[in-house]
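Here's the letter readout for the chains.
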Amino acid sequence: MHSGIIYGIDIAKGSSRAHEIPRYAVAILKENQVMRYSMVSRGRILKMVQEDKPDYITVDNIFELAPDKDELIRFLDKLPDPTKLIQVTGGLHQQPLLKLAQEHGISMNQFSPGDEAEACARLAAMGIGCEVSLFEDVTRIKVSRSRSLGRGGWSQNRYRRKVHGAVKEKSRLIEQILHKFSKDTGITFTAKSIEGFGGYVRTEFIVNSSREKIPVRPSISADVQVSIRSVERDKIKYIPLTPSKRKYTIVGIDPGTTVGIAILSLDGDLLFSKSFRGISHDQVVKLISDHGKPAIVATDVYPPPASVEKVRRSFKAVLGTPGTELRAEEKIAMARPFGYSNDHERDSLAAAINIYRNYKNIFSRVEKKAPRFADIELIKYHVINGDSIEEAIEKVTAVPVNRGSVTVSAPGACIDADEQIKKLQELIRQKNDMIHELKEYVQELKKTNSEKERIIGEMEGRINKLKQAESRELRKQKEIKIRDTEITRLRTELSRSKQALQDSRKHIKKLKQIRKKEIKGEGLPVKVVSAFTKEAILQTMDMYGLKKGDVVLLEDSSGGAAGTAAILVETGIRAVILQDEISYAANEAFFQGNVPLLKNVKVQRFDDFATVDPKVLEEALYVWQEDAKKKRREQEHQHLAALLDEYRSERRRGLA
């Protein structure tokens, strides 16, 4: 019986989900004395709780205090650290408050909020109910500045350094406290700091412990504030006030290198089924213990293996064997309704199910004969260990059970033949009843099996339909993906085409501008070749064309050879304008092709085009032609001189 302060609360007026502010009935249980309050607001309850700091606040439904989880979290944040919220009607599967009160001898009027509030408090004092946990055992501590740094001024940097320094100092102090706390308790924590000018902007500590255990409290000063919050759970967790007792189980084991383990409750429900490779005896024992206390440890073979006997002795359980080895067909039929992944799981399931079936009729009689509030599982456990049903009930309930009259013969007396006949007839009748029960059980199993086969057929049909639908959906998604890829490609191609069209329009516009200047006599078009290479010349030919009479501007005339010059000469261009020096071989190729090379000619550029003043061009051409005439005369003079020298040389050789 809990002896601390317990608040029982029940809604008296309104609703937490309605617009009307709810009012509550409050019953405060202290030292088995109850004080009642009626029509109390939630704010007033919080003030009372802050003063009394009760162990529990108890309700029959937590959503009477708040309409949703978020509001409930805000309510719990306002409670003192030691105070817990209890839902006395249970967790996810609630029981009626009236039923719980009657079962535990508490009288109440279900139409009186005060009675219900008191019943909640008294039930919690008996350990009935579940703690409502909305927070993990993880706490977030945040150290930060307590006010804004403002827009700034002459002393802004000094003020920022002061505040950030204070945050850093507070962070280090809390870290020292947490290090000592971690050393004393073994609880770990992590810290993350964001550095700022002169210190820390903020620091966050994550401590793997509940908030009330941590020796740090929220605080606020002129420069620094410390906030502490528990990390919220994704879902509400209900923790029983009184831990549930371990249930008795039937364990089936298939030993070997790979061990199969199946665990059933005494009601025949599957609690666990799995196989493990290379698992040790201690691990097997621990795993079985985690799911309850074994009443029977069973195997599917006879005689039982030594490893199964060792597990049985570890729990002092009854050994269950089939008498003869079970056939594979029987194992499959028994294990199929539960499902299994391999032969080891199947065999362990079959061992447990076979033993449960052997005891099923006895368990049914226990359930019929046992008193209403008796611990039926414990009675079954005693029956498994050799007690009769009546003896087991007496052991558990301490109430004598009438077994019927028993006739004891006097020593040496002869047993009457009629009495023997009656006993034999009674024995036959009992055997016939047992046979009848077994036949009914077989029919029931057949019916159950038929129903399960029907359900399996329906499920397989549904699975096939789902597979077909999924296949159609996958094909649809694949088609959509192909189409999306094609749309993306076409959009890219369209974008490129638009860009090319836009570039072409720009070129056309420039050509029109140059053409207008040409018509007006303001300038002659000049086609630009970016470099004196075959690739650059061919690129200009492809984009703009080079024809007879064109004037070409070489932006970079270095590196060209005679063959490169010959390409331009063959097009019949009028002249080449140079901006720097050209190789001797290329110069000679242009000269032999009678293509003027013009230097120091001013041109006006328009991106990929250029224009030159006709007068300037004519003057430059005239100068080049004059220079070319002189050069040709010099070449002819040199040629004649060479011929004359050759003639003289031959004459000398002839006279000699």
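Here the structure is shown first, and the text comes after it.
Description of the structure in this document.

Conventions we followed
- Residues numbered from 1 in each chain as written.
- Predicted model: local features only at pLDDT ≥ 70, side-chain atom pairs only at ≥ 80, totals over all residues.
- Heavy atoms only, no water.
- Pairing = 2+ DSSP bridges.
- Helix = DSSP H or I, 4+ residues; strand = E, 2+ residues; numbered from the N terminus.
- Axes fitted to C-alpha atoms, helices over the stretch in contact; angles between N-to-C directions.
- Contact = heavy atoms within 4.5 Å.
- Phe/Tyr/Trp six-rings, centres within 6.5 Å; stacked < 30°, edge-to-face > 60°.
- Lys NZ or Arg CZ within 6 Å of the ring centre and 35° of its normal.
- Buried < 20%, exposed > 50% of the residue type's maximum accessible area, 1.4 Å probe, protein only.

Okay, the sheet that holds strand β11 (residues 248–254) next. Taken in spatial order, the 5 strands of this open sheet run β13-β12-β11-β14-β15, and their pairing is mixed. Strands with a single pairing partner mark the edges of an open sheet, and in this sheet they are β13 (270–277) and β15 (318–320). The average angle at which neighbouring strand axes cross in this sheet is 25°, direction not considered. Relative to β15, strand β14 (residues 293–298) runs parallel, the two being bridged by 3 bridges. In the sheet register, Ile296 faces β15, and the bridge partner there is Val318. Across the sheet, helix α7 (residues 306–315) is in contact with β11, β14 and β15; its angle to β14 comes to roughly 160°. The strands touched by helix α10 (residues 376–384) are β11, β14 and β15; relative to β14, the strand with the most contacts, the crossing angle is about 40°.

Positionally, Ala12 belongs in strand β1 (residues 6–13). Sequence separation between Ala12 and Tyr24 is 12 residues; the distance between their C-alpha atoms is 4.8 Å. Discounting residues that sit within four places of it in the chain, Ala12 has contacts with Arg23, Tyr24, Ala25, Met39 and Pro113.

Turning our eyes to something else, we now look at the packing of aromatic side chains. Enumeration according to the criterion identifies 7 aromatic pairs in this entry. Through pairs of rings, three or more aromatic residues link up here, namely Tyr356, Tyr359 and Phe363. Of note, Lys631 hangs over the ring of Phe591, and the distance from its end group to the ring centre comes to 4.3 Å.

For the rest of this paragraph, the subject is the environment of Gly127. Its place among the elements puts Gly127 in the loop between α4 (113–125) and β6 (130–145). Sequence-wise, Gly127 and Val88 are 39 residues apart; in three dimensions their C-alpha atoms are separated by 8.8 Å. Not counting chain neighbours up to four residues away, the residues in contact with Gly127 comprise Leu241 and Thr242.

What follows concerns the sheet that holds strand β18 (residues 575–578). The sheet built from 6 strands is open, its strands ordered β19-β18-β17-β16-β21-β20 with mixed pairing. Strands with a single pairing partner mark the edges of an open sheet, and in this sheet they are β19 (597–599) and β20 (603–606). Each adjacent strand pair in this sheet contributes to an overall mean axis angle of 35°, direction not counted. Relative to strand β21 (residues 609–612), β20 runs antiparallel, the two being bridged by 4 bridges. Bridge pairing links Arg605 to Ala610 in β21. Most of the contacts of helix α16 (residues 614–655) go to β19, to which it runs at about 115°, and overall it touches β16 (524–529), β17 (551–554), β18, β19 and β21.

Residue Pro303 is bonded to the preceding Tyr302 through a cis peptide linkage, with omega at 0°. Relative to the helices and strands, Pro303 resides in the loop between β14 and α7. Notably, Asn600 is not glycine yet its phi reads approximately 55°, a positive angle. If you trace the backbone, Asn600 turns up in the loop between β19 and β20. On the basis of relative accessibility, which here comes to 81%, the residue Asn600 falls in the exposed class.

As far as function goes, none of this settles anything; it's purely spatial.
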